[in-house]
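Per-entry structural report
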Amino acid sequence: MARQVRIGVFVCHCGNNIAGTVDVKRVVEELSHYPGVVHAEDYMYMCSDPGQEIMKKAIREKSLTGVVNANCSPTLHQRTFRRVAEAEGINPYRVEIANIREQCSWPHMGDRETATRKAIAIIKAAVEKLRLNMELTPSVTPLTKRALVIGAGIAGIQAALDIANGGYEVVLVEKDICIGGRVMQLAGTFPGMERPDYLLASRLAAVTSHPRIRLYMCSEIEEVSGYVGNFDVIIRQKVGYVDKDRCNGCGLCLEKCPVSVPSEYECGLSQRKAIRIPFPDMAPFNPVIDAEHCLRFNGGQCQACREACPEGAVEFSGEDTLIEENVGIIVAAPGYDLLPAGEPEIYPEDPDIIDGLQFERILSATGPTGGEVRRPSDSKVPREVVFISCVGSRDPEHGVPYCSRVCCMYVAKQALLYRRAVPDGQAYIFYTDMRSDAKGFEEFVQGVMDEGNILYLRGEVSRVFRDGDKIKVWGVDSLVERDVEVSADLVVLARAMVPRPTTRELARRLNIASDEHGFLTEAHIKLRPVESLTSGIYLAGTAQWPRDVPDTIASAEAAACKVLSLFSREELLHEPTIAFVDEEVCSGCGQCVASCAYRAIDIDEGRAVARVNEALCEGCGACAAICPSSAVQLRNSTPRQFFEIIDVASG
Amino acid sequence: MDMRLQISPGMLRSEFVSKITELSGQDINLCYQCGKCSAGCPMSFVMDLLPNQIIHSVQLGLTEDVIRSRTPWLCASCLVCTVRCPKGIDIASVMEAVRQISLRKSEDFIDLAGLERGTLAELPAIALVSGFRKLTG
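About the criteria used
- Residues numbered from 1 in each chain as written.
- Chains lettered and ligands numbered in written order.
- Predicted model: local features only at pLDDT ≥ 70, side-chain atom pairs only at ≥ 80, totals over all residues.
- Helix = DSSP H or I, 4+ residues; strand = E, 2+ residues; numbered from the N terminus.
- Buried ≥ 20, exposed ≤ 12 C-beta atoms within 10 Å, placed from the backbone.
- Contact = placed C-beta atoms within 7 Å.
- Domains from an automatic or database assignment.
- Pairing = 2+ DSSP bridges.
- Axes fitted to C-alpha atoms, helices over the stretch in contact; angles between N-to-C directions.
- Nonpolar A, V, L, I, M, F, W, Y, C, P; charged D, E, K, R; others polar.
- pLDDT = per-residue confidence, 0-100.
- Parallel < 35°, antiparallel > 145°, perpendicular 65-115°, else oblique.
- Left-handed = near helix turned anticlockwise from the far one by under 90°.
- Expected span 1.5 Å × (residues − 1).
- Arc of directions from axis to C-beta.

All right, on to the overall build of chain A then. The helix and strand inventory of chain A stands at 17 helices and 32 strands. Its C-alpha atoms give chain A principal-axis dimensions of roughly 90 × 65 × 40 Å. The buried share of chain A, taken over its 651 residues, is 45%. For chain A, the share of sequence-separated contacts (at least 6 apart) that also reach a separation of at least 24 residues comes to 69%.

Per the domain assignment, the segments making up chain B are domain 1 (9-105) and domain 2 (109-137). One C-alpha centre belongs to domain 1 of chain B, the other to domain 2 of chain B, and the line joining them spans 27 Å.

Here the focus is the domain arrangement of chain A. Each assigned domain of chain A is listed with its residue range as follows: domain 1 (7-131), domain 2 (146-238 + 321-335 + 500-567), domain 3 (252-308), domain 4 (337-498) and domain 5 (575-635). Computed over C-alpha atoms, the centres of domain 4 of chain A and domain 5 of chain A are 55 Å apart.

All names here are of chain A. Within the secondary structure layout, Gly156 lies in helix α6 (residues 154-165). Note on Gly156: 30 C-beta atoms within 10 Å, which makes it buried. Gly156 sits 403 residues away from Ala559 along the chain, and the two C-alpha atoms are 9.9 Å apart.

Okay, the sheet that holds strand β18 (residues 353-355) of chain A next. All names here are of chain A. Read across the open sheet, the five strands follow the order β18-β25-β19-β20-β21; overall the sheet is parallel. The sheet is open, and its two edges are formed by β18 and β21 (454-458), each paired on a single side. Direction aside, the axes of adjacent strands within the sheet are offset by 20° on average.

With that out of the way, let us pick up the interface of chain A and chain B. Taken together, the contact pairs 17 residues of chain A with 17 residues of chain B. Those elements that provide at least two residues to the side of chain A that touches chain B are α12 (441-450), β21 and β24 (482-488) of chain A. In terms of residue count, the dominant contributor to the side of chain A that touches chain B is β24 of chain A (six residues). Split by residue class, the side of chain A that touches chain B holds seven nonpolar, four polar and six charged. In this sheet, strand β1 (residues 5-7) of chain B lies alongside β24 of chain A in parallel orientation, the contact comprising three bridges. Paired with Glu485 of chain A across the two strands is Gln6 of chain B, which belongs to β1 of chain B.

All names here are of chain A. Pairing analysis gives seven bridges linking strand β23 (residues 470-477) to β24, with the strands arranged antiparallel. Across the sheet, residue Lys472 finds its bridge partner in β24, namely Ser487. The turn joining β23 and β24, which pair antiparallel and follow one another in sequence, is formed by four residues; a positive phi near 55° is taken by Glu481.

Before going further, it helps to spend a moment on unusual backbone geometry. Leave glycine aside and you will find that most residues have negative phi; peptide bonds, for their part, are mostly trans. Residue Pro191 of chain A is bonded to the preceding Phe190 of chain A through a cis peptide linkage, with omega at -5°. Considering the arrangement of structural elements, one finds Pro191 of chain A in the loop between β7 (169-173) and α7 (196-209). Residue Glu481 of chain A is not a glycine yet carries a positive backbone phi of 55°. Residue placement: Glu481 of chain A occurs in the loop between β23 and β24. Residues other than glycine seldom take positive phi values, yet Leu79 of chain B does so here, at roughly 75°. Structurally, Leu79 of chain B is set in the loop between α6 (71-74) and α7 (80-84). For Leu79 of chain B, a count of 13 C-beta atoms within 10 Å puts it in the partly exposed group.

Residue and element names in this part refer to chain A. Sheet architecture is open: four strands sit in the order β2-β1-β3-β4, paired in parallel fashion. The two strands at the open ends of the sheet, each matched to only one other strand, are β2 (37-43) and β4 (95-99). Here the strands of the sheet are splayed against their neighbours by 15° on average, with no regard to which way each runs. With five bridges connecting them, strand β1 (residues 7-12) and strand β3 (residues 66-71) associate as parallel partners.

The next thing to look at is the confidence of the model for chain B. Residues and elements named next belong to chain B. Residues of chain B with pLDDT of at least 70 account for 93%, and the chain-wide mean is 89. The spread of mean pLDDT over the elements of chain B runs between helix α10 (residues 125-135), the lowest at 74, and helix α4 (residues 51-60), the highest at 96. Confidence estimates for the predicted assembly give a pTM of 0.86 and an ipTM of 0.81.

It is worth spelling out the packing of helix α1 (residues 24-32) of chain A against helix α5 (residues 112-131) of chain A at this point. Residues and elements named next belong to chain A. At a closest axis distance of 10 Å, the pairing of α1 and α5 adopts a crossing angle of 40°. Comparing their axes, α5 and α1 come out oblique. Once α1 is placed against α5, the crossing between them reads as right-handed. Here α1 contributes Arg26, Val27, Glu30 and Leu31 to the contact with α5, which in turn contributes Thr116, Ala119, Ile120 and Ile123. Looking at side-chain class alone, the contact of α1 with α5 contains five nonpolar, one polar and two charged residues.

Here we take up helix α3 (residues 74-87) of chain A. Residue and element names in this part refer to chain A. When the terminal C-alpha atoms of α3 are compared, their 19 Å separation across 14 residues agrees well with the 20 Å that a helix rising 1.5 Å per residue should span. Those residues of α3 that sit buried are Phe81, Arg82, Val84 and Ala85. Looking straight down α3, one finds that the buried residues subtend no more than 160° of arc, so they occupy a single side. In this structure, α3 carries Thr75 and Arg79 as exposed residues pointing more than 90 degrees from its buried face. Those residues of α3 hidden inside the fold are in contact with α2 (49-62), β3 and β4. Once α3 ends, the next one or two residues include Gly89, with phi positive near 90°.

This next bit is on helix α14 (residues 549-567) of chain A. Residues and elements named next belong to chain A. A rise of 1.5 Å per residue sets the reference length of α14, with its 19 residues, at 27 Å; its end C-alpha atoms lie 27 Å apart and thus fit the reference within 8%. Within the span of α14, buried status applies to Val549, Thr552, Ile553, Ser555, Ala556, Ala559, Ala560, Val563 and Phe567. Down the axis of α14, the smallest arc covering the buried residues is 165°, so these residues share one side. Where α14 is buried, its residues contact β6 (146-150), α6, β16 (329-332) and β27 (537-539).

So, on to the pairing of β4 of chain A. Looking down a regular strand, the side chains alternate between one sheet face and the other. All names here are of chain A. Along β4, five of the five residues are buried, which leaves the element largely enclosed by surrounding structure. Burial of the side chains of β4 extends over both faces: Val95, Ile97 and Asn99 are buried on one face and Glu96 and Ala98 on the other. One ladder, built from five bridges, connects β3 with β4; its direction is parallel. Counterpart to Val67 in the pairing with β4 is Val95.

All names here are of chain A. Where α6 meets α7, the closest approach of the two axes is 10 Å, and the angle between their N-to-C directions is 55°. One way to sum up the angle between α6 and α7 is to call them oblique. Note that α6 runs across α7; the crossing there is left-handed. On the side of α6, the interface is formed by Ile154, Ile157, Ala160 and Leu161, while α7 contributes Leu200, Arg203, Ala206 and Val207.

Right, here's the structure in full:
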């Protein structure tokens, strides 16, 4: 050490929070004689402006080279005190926080002697650590100002448009043959009852024609590497076997294709062909052959579509394309699914027992029944429809423990749409609680109740079963404490909202966390709600949690806002308190590689030593803890520092 | 055997329901069963069906349950329910409508000739007047 160590200790009373339990005067007295400490002082609130002035004055007058602040948790004021020290010329990494509130005065309230001795030990430990702290500067990494958005549902579309309109290029990846996602399937939206095509039309057009949005259809994320500011992404675009430029959308091929499979878009309510030409309201124009079902790709010789095509657009050759893109950030918006059928003893399989999305299609003007409400089994107009809420939701034993948040609202909306389509029809809604907690929602539900011919029954259902032409529903009306029976023509189950089954694998490829249900996990539910725990990867829409359209748009806009604020910088600063490898000691065993949650370490095969990618390392210390020879260490948290800490704390 | 209550459009739109609507001038559909009427009712402690259950029973078209209930007759017409209802339903008027329907059925009326002389002598005149008012067709 060239310079003499001159440490200042600042002990905060935190009003009564610390001083009420810890004898701060005795702490200051004790520390003022400790080796290396040239200044010790206490104050009522060290974080206040006068407190900060006390620090600055002492740093100047005593020529301090390091500071220990004894106060609350470092999550609260480490940044504050580092800034104060830096303003007076001390490297911010030569500021240590001794937590004598959360870890001392609060748990030892009423035991002044123990608390005081513990506070002294904690502060001395911080002094010992500080003694060996190096002066560090944040590392600088370049920033690629391009964004990748995964999923072109309403969330992905909104995020992509916001980022692109902010002036940056966006790569938008959609695995389906058209964009718009689930919202495209809906018949109407609450609370305003706008048609989804009205909500989406301008956005679809904007996305497909935006000069800064590059849209990849039928594409999925194959591989992601890199770190915030510099992700390398490999996108697999499935071969479509139809030349988009030649195809004129005439649809002759559709007539000739002998294959029919349940349509995903129509939720299995109608059939589609193996060759797929988008409807006029679908965007973009993206005709493809579905090789999974096409006879030709399953050992057959069929070429009906090619023979039918007047433009010669069908070609049976080609391969998937692997596209490499370099982006600075990623927004993940892969969307949701409905909980698959469960509890067959209550809800058996029957064509007239359908889920909420299927009823959306039946209510939709572009749906399989052409906008007329007809039930699947015999195309009769249902005179009585029963809606059942909370199917799988709020049921940790048989479904999911959470509330799906949208069902109360869409059931009300569907009942209203049904009543408009079948004016003399009767709707029944079994519900457990009514949840309508956003702007205009409660008014909407009450408006639906006022309509007439819509009966709300509070209670759950015990059995749904076919009885000839009818579907009988047995349940309870808990308000009059009576078991009830309804003879319905159609039963709609509001199944729980769940993440898509593929979301977990996507999370794995992105190296972001997902929870026990498969929803993508945010960094902090309150403070960082649209960020993943991996820097540079943001979350939007229903893959994170059940959301309605307004909340989905809000989350997408929030994610885009985070992206734009990141892109407003020229380069990225990265915390320097990260892992480093002593190559003299490292044997290249690779245990650290396996321990790293951020994929920040790999083995340099040529030299057989571990290598830390400084941009990826988050400084968690897992590698340092697992390394058998202490070859990997964390800057300013080295084993030597910890031995000193243990010595002084236990002495 | 099957005690299950069968709910059907016929019940929900029965003559009883439309009669209640007509007599009370109230839209029963507006009720969302918050229970504020029952919470404030000073007579609820002696009622067999709470005021909100009466309203819900009318929604369901449970004519017999409503007509047989003691509740409309125990109603003091104090109007607390009416004043407090968040949806502006005049519940006291609904109770009155139920009473009117009951009265017009001429069921359970007081047969003056059937009363014993001793009973008549003991009954206060006001009780007889009230009884006739409530329980005769």
